[in-house]
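# Per-entry structural report
Chain residues, written in single-letter form:
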Amino acid sequence: SEDANIEARVATPADITDGTYDAVLGFNLFHLVEDVDGALADVAGLVKPGGFFISKTVCAFSGQTPLKYRLMFSLIKPAQWLGKAPFVRFDPIDVWERRIEAAGFEIVETGNHPVAPPSRYVVARRV
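Residues numbered from 1 in each chain as written. Predicted model: local features only at pLDDT ≥ 70, side-chain atom pairs only at ≥ 80, totals over all residues. Heavy atoms only, no water.

### A word on the sheet that holds strand β4 (residues 119-126)
For clarity, the threshold we go by: Pairing between two strands requires that DSSP report at least two bridges joining them. Helix and strand labels come from DSSP, where a helix needs a run of H or I of at least four residues and a strand needs a run of E of at least two; each type is numbered from the N terminus. Fitted lines through C-alpha atoms serve as axes, helices being fitted only where they are in contact, and the angles separating the N-to-C directions of these axes extend from 0 to 180 degrees.
In spatial order, the strands read β1-β2-β4-β3; together these four strands make up an open sheet with mixed pairing. The two strands at the open ends of the sheet, each matched to only one other strand, are β1 (21-27) and β3 (105-112). Across the sheet, the axes of successive neighbouring strands diverge by a mean angle of 15 degrees, strand direction being ignored. The pairing of strand β2 (residues 47-58) with β4 spans seven bridges and is antiparallel.

Written out as structure tokens, the structure reads:
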């Protein structure tokens, strides 16, 4: 049966203008957004106070990252110069989390899945 209390949408934050939500999810997206702070501000505007923003974002890698990923990431800039790759930003984990907090969220849970390269899961509550 269909639950009248649940509505799911696939959209960018700018596509939704009709209210606030209990939760907004963004997976494998924010490392591809040039104005990530603006996008997080849009998300904050969609989440009602006490609601949640849940994301998974690829972050900057470390020496633990397998060689195949480091090689793949090293090809991004040349591919961009040739017009064959999109904009990509890999923030360090602490920078990504500060961006979320600056947008008006309190981080309540985090984890890296996978560990290398780190895909940072964040559960944050709108303050």
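There's more to say after this.
### Some points on a nonpolar patch on the surface
Under the convention used in this document: A patch is a set of surface residues, each over 30% in relative accessible area and not in a salt bridge, joined within 9 Å for like charges and within 5 Å for the nonpolar side chains Val, Leu, Ile, Met, Phe, Trp and Tyr. Each accessible area value is a Shrake-Rupley result obtained with a 1.4 Å probe; residue values ignore everything except the protein chains displayed when judging cover. Salt bridge, as used here: a side-chain nitrogen of Lys or Arg that lies within 4 Å of a carboxyl oxygen of Asp or Glu.
On the surface, Leu25, Phe27 and Tyr121 cluster together into a nonpolar patch covering about 290 Å² of accessible area. Here leucine 25 shows up in strand β1.

### Re the pattern of salt bridges
Selection rule: Only protein chains enter the accessibility calculation, which uses a 1.4 Å probe. A residue is then buried if its area is under 20% of the maximum for its type, exposed if over 50%, and partly exposed in between.
Within this structure, the stated rule accounts for six salt bridges. A salt bridge links arginine 99 to aspartate 91, with the nearest nitrogen and oxygen atoms 2.7 Å apart. Across the pair, aspartate 91 and arginine 99 agree in class, each one buried. The salt bridge partner of arginine 98 is aspartate 94, with a shortest N-O separation of 3.2 Å. Of the two residues, arginine 98 and aspartate 94 are both situated in helix α4 (residues 93-102); the distance of four residues between them amounts to about one turn of the helix. Taking relative accessible area as the criterion, arginine 98 reaches 47% and is therefore assigned partly exposed.

### Let's talk about the side chain of lysine 56
Where we set the bar: Asp and Glu are treated as the negative residues and Lys and Arg as the positive ones, with His and the ends of the chain left uncounted. When checking whether two residues touch, look at their non-hydrogen atoms; a contact exists if any pair is within 4.5 Å.
Mapped onto the elements, lysine 56 comes out in strand β2. Glutamate 97 provides the closest opposite charge to the buried, salt-bridge-free lysine 56, at an N-O distance of 14 Å. Apart from the residues within four sequence positions on either side, lysine 56 is in contact with Gly26, Phe27, Asn28, Leu29, His113, Ser119, Arg120 and Tyr121.

### Quick word on the packing of aromatic side chains
Operational definition: Note on aromatic contacts: the rings of Phe and Tyr and the six-membered ring of Trp form a pair at centre separations within 6.5 Å, being stacked when their planes are under 30 degrees apart, edge-to-face when over 60 apart, and tilted otherwise.
The full count for this structure, using the stated rule, is four aromatic pairs. Judged by centre distance (6.3 Å) and plane angle (55 degrees), the rings of phenylalanine 27 and tyrosine 121 are tilted. In this pair, phenylalanine 27 is assigned in strand β1 and tyrosine 121 in strand β4, connecting sequence segments 94 residues apart. Residue tyrosine 121 is classed as partly exposed on the basis of its relative accessible area, which comes to 34%. Ring pairing ties together the aromatic residues Phe30, Phe53, Trp96 and Phe105, which thus form one cluster.

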